[in-house]
Amino acid sequence: MKSISLFSILLTFFILSCNTSSFLKKEMTMDDLLAAKENIDNLQNPAEILLLKNSLSEKILILKDITVKDIVNSTNVDYDFCVLADIQTEKGPIECYIYTRNIRRISQLKKEHSIITVRGEFRRYFSMLDNYYTKIEITNSIIDIKTNN
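A short tour of the structure in this document, coming up. (Residues numbered from 1 in each chain as written. Predicted model: local features only at pLDDT ≥ 70, side-chain atom pairs only at ≥ 80, totals over all residues. Heavy atoms only, no water.)

When helices and strands are tallied, the protein chain shows 4 helices and 6 strands. Along the protein chain, from the amino end to the carboxyl end, the secondary structure elements read α-β-α-α-β-β-β-α-β-β. In the protein chain, which comprises 149 residues, the share counted as buried stands at 36%. Sequence-distant contacts, at least 24 apart, represent 64% of the contacts inside the protein chain between residues at least 6 apart. Carbon and sulfur atoms form 54% of the exposed surface of the protein chain, whose accessible area is close to 9600 Å². (Helix = DSSP H or I, 4+ residues; strand = E, 2+ residues; numbered from the N terminus. Buried < 20%, exposed > 50% of the residue type's maximum accessible area, 1.4 Å probe, protein only. Contact = heavy atoms within 4.5 Å. Areas by Shrake-Rupley, 256 points an atom, 1.4 Å probe, with all protein chains shown as cover.)

The structure is reproduced here in structure tokens:
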């Protein structure tokens, strides 16, 4: 009986602590993200914009078969390194800033050779005066290496 009670307590604690965990979040693709960005860019009401941006940050972005452009030191204080990748879309190129805590996986990546699939929490998109349509930040990422030529 004690083991069942202990198991129940541990299971409850696990479920409550994982409330913001990525496996409970909805997934989206780059096409979904671009459609949402276009919608946000056309809005006038800043409160509505904030709500839509917040709803995006509650989703998991899936990027398949992208080539690693570079591995750099992180500017995000929660991570040591950042994986950079470019994605070509109909709107233009998008630069991805991918953050993971799996340093062992990052150490296996080869600049301009590794092809990866990423599953991570979409944090934000931002733009600068350059040739990119937008830049996106993905945190708590799981990186799978497809090829590492």
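Turning to the nonpolar core, a few remarks are in order. One finds Leu63, Ile98, Ile116 and Ile136 to be the most contacted residues of the largest nonpolar core, which totals 27 residues. Within the residue set of this core, elements represented by two or more residues are helix H2 (30-41), helix H3 (46-56), strand S2 (59-73), strand S3 (81-89), strand S4 (92-98), strand S5 (114-126) and strand S6 (134-148). The contacts of Ile98, once residues within four sequence positions are left out, are Ile66, Phe81, Cys82, Val83, Ala85, Ile116, Val118, Ile138, Ser141 and Ile143. The next biggest cluster of nonpolar side chains, apart from the first, holds 6 residues, and it includes Tyr79, Leu84, Tyr97 and Phe126. (Core = buried A, V, L, I, M, F, W, Y, C linked by side-chain atoms within 4.5 Å.)

Turning our eyes to something else, we now look at the side chain of Thr117. If you trace the backbone, Thr117 turns up in strand S5. Judged by relative accessible area, Thr117 falls into the buried class, the value being 12%. Polar side-chain contacts of Thr117 include one of 3.5 Å to the backbone nitrogen of Asp65. Apart from the residues within four sequence positions on either side, Thr117 is in contact with Leu63, Lys64, Asp65, Ile142, Ile143, Asp144 and Lys146. (Polar contact = N/O pair within 3.5 Å; in protein donor to acceptor, adjacent residues only side chain to side chain.)

Let us now look at H2. One turn of the α-helix equals 3.6 residues, which is why residues spaced by three or four share an orientation. Taking 1.5 Å per residue as the helical rise, H2 with its 12 residues ought to reach 16 Å, and the 16 Å between its terminal C-alpha atoms agrees with that figure. Of all the positions in H2, only Met30, Leu33, Leu34, Lys37 and Ile40 are classed as buried. End-on, the buried residues of H2 take up no more than an arc of 125 degrees, which puts them together on one face. (Expected span 1.5 Å × (residues − 1). Arc of directions from axis to C-beta.)

Below, the discussion takes up the pattern of salt bridges. Enumeration over the complete set of coordinates arrives at 11 salt bridges. Across the pair Glu95 and Lys69 runs a salt bridge whose closest N-O atoms are separated by 2.5 Å. You can see Glu95 sitting in strand S4 and its partner Lys69 sitting in strand S2, a full 26 residues away along the chain. Residue class for Lys69 comes out partly exposed when judged on its relative accessible area of 24%. (Salt bridge = Lys/Arg side-chain N within 4 Å of Asp/Glu carboxyl O.)

Mapped onto the secondary structure, Asn149 falls in the segment after S6. Here the alpha-carbon distance between Asn149 and Ser114, two residues 35 residues apart in the chain, equals 6.4 Å. When sequence neighbours within four positions are dropped, the list of residues in contact with Asn149 reads Lys110 and His113.

Okay, the pairing of S6 next. Bridge count between S4 and S6: 5 bridges; the pairing is parallel. Counterpart to Cys96 in the pairing with S6 is Ile136. Two elements, S5 and S6, share 11 bridges in a ladder whose sense is antiparallel. Residue pairing for S6: Tyr125 is matched across the bridge by Ile136. (Pairing = 2+ DSSP bridges.)

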